[in-house]
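Below, each chain spelled out in residue letters.
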Amino acid sequence: MADENKKYKKRAVDDAGIRLAPAPIKNSGYHVMPSVVQDFIITPHIVVDEPEDDGQPKASTENDFQPKKQDISKRWKRRKRAKNMVVGLLMFVVTAAVVLPYILGAVGVWLDDFAFKYVPRDFGALDNIVRAFKLTESVGWKGAEVKAIWVNAVPDLILMLGLVFLAVNMLKSLYAMIGSVKAVNYTEGAVVYLFTVLAVFIAALVGAEKIGVAKIDFVQDFIRGYKTSEMFSLVVFALGYFAVSFICTRVDADKYGYMK
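Read on for a plain summary of the structure. (Residues numbered from 1 in each chain as written. Predicted model: local features only at pLDDT ≥ 70, side-chain atom pairs only at ≥ 80, totals over all residues. Heavy atoms only, no water.)

**Some remarks on the pattern of salt bridges**
Once the charged atoms of two side chains with opposite charge are near each other, the side chains can pair. Evaluation of the coordinates by the stated rule reveals 4 salt bridges. For the salt bridge of K80 with D252, the shortest nitrogen-to-oxygen distance reads 3.6 Å. Of this pair, K80 sits in helix α2 (residues 74–106) while D252 sits in helix α8 (residues 230–252), and the two are 172 residues apart along the sequence. Take K80 and D252: they sit in the same class, and that class is buried. A cluster of three or more residues bridged by salt bridges with shared partners is formed by D112, K117 and R121. (Salt bridge = Lys/Arg side-chain N within 4 Å of Asp/Glu carboxyl O. Helix = DSSP H or I, 4+ residues; strand = E, 2+ residues; numbered from the N terminus. Buried < 20%, exposed > 50% of the residue type's maximum accessible area, 1.4 Å probe, protein only.)

Right under this line is the structure:
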């Protein structure tokens, strides 16, 4: 009985193995797909987002570089001296044109035939201060008359302060004309002279009879009557001198390293 059970189990296992195992495939019964190779070319590139309103920068050249102090060469010094001489000559001529009316008034040359009031009489600082000294000497250097003389000379003393700074600018221009390498600043003197002229101009607008400045009408005397207005000539010359001094100072300024 035991032998028959073993034979039955063995036969059942063999039958199950035959049912579960697939039949082998012959080599001629299937086909292999050919291999396919596709080349992909990868090209790297960089994309930079630029502002829309930013134009293309210009290429840097040798003109964009100014030598540092320790790198200054003889060639650079020659160019700097030449620039100083040109700027100094221009400033000397312009400063002389502003100072000359006061000098002409002091020697009695009024140039009344000019198309405008080039030589001032009421605001001729040098001439009026010389007269003040002469009158003071004639009355004995003391008393109420002397006080009144110098009170009336206050506008001339204010303008005289500006003339002192113009004289300093003339000395600076001569210093530049002799071949100086150092940059020269002319703006400071021009600012002081402009302020002195504007101070007298404001006194004339509001009227300052106590210091000898008669009140003027801005439209009638300053604008319409510009040809005969001393104040108009003084203000225009002071503003023009400041503009020229500022430009010349900027042109003559020292620049080291790469320019910004």
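**A closer look at the layout of surface pockets**
Estimated volume of the second largest pocket: approximately 290 Å³. Together, 16 residues line the second largest pocket, and D122, N128, N152, A153 and D156 are the ones closest to its centre. Elements with a contribution of two residues or more to the lining of the second largest pocket: α3 (125–139), α4 (144–152) and α5 (154–177). Top contributing element to the lining of the second largest pocket by residue count: α3, with 5 residues. Looking at side-chain class alone, the lining of the second largest pocket contains 8 nonpolar, 3 polar and 5 charged residues. (1 Å grid on protein atoms, 1.4 Å probe; cavity = no way out; pocket = protein on both sides within 12 Å on 5 of 7 lines; lining within 4 Å. Points joined across faces, edges and corners; volume = space filled by probe spheres on them. Nonpolar A, V, L, I, M, F, W, Y, C, P; charged D, E, K, R; others polar.)

**A few points about the environment of F123**
Looking at the element boundaries, F123 is found in the loop between α2 and α3. We classify F123 as buried; its relative accessible area is 11%. Each C-alpha atom, one on F123 and one on P155, is 7.3 Å from the other, the two residues being 32 residues apart in sequence. Setting aside anything within four residues of it in sequence, one finds F123 in contact with Y102, N128, D156, L159, V200, V213, E230, M231 and L234. (Contact = heavy atoms within 4.5 Å.)

**Some remarks on the packing of α3 against α5**
Packing of α3 against α5 brings their axes to within 9 Å, and their N-to-C directions diverge by 125 degrees. In terms of orientation, α3 lies oblique with respect to α5. In terms of crossing hand, the pair formed by α3 and α5 is left-handed. Of the residues in α5, those in contact with A125, L126, N128 and I129 of α3 are D156, L157, L159, M160 and L163. When the residues that make up the contact of α3 with α5 are grouped by side-chain class, the tally is 7 nonpolar, 1 polar and 1 charged. (Axes fitted to C-alpha atoms, helices over the stretch in contact; angles between N-to-C directions. Parallel < 35°, antiparallel > 145°, perpendicular 65-115°, else oblique. Left-handed = near helix turned anticlockwise from the far one by under 90°.)

No statement about biological role is implied by the geometric values presented.
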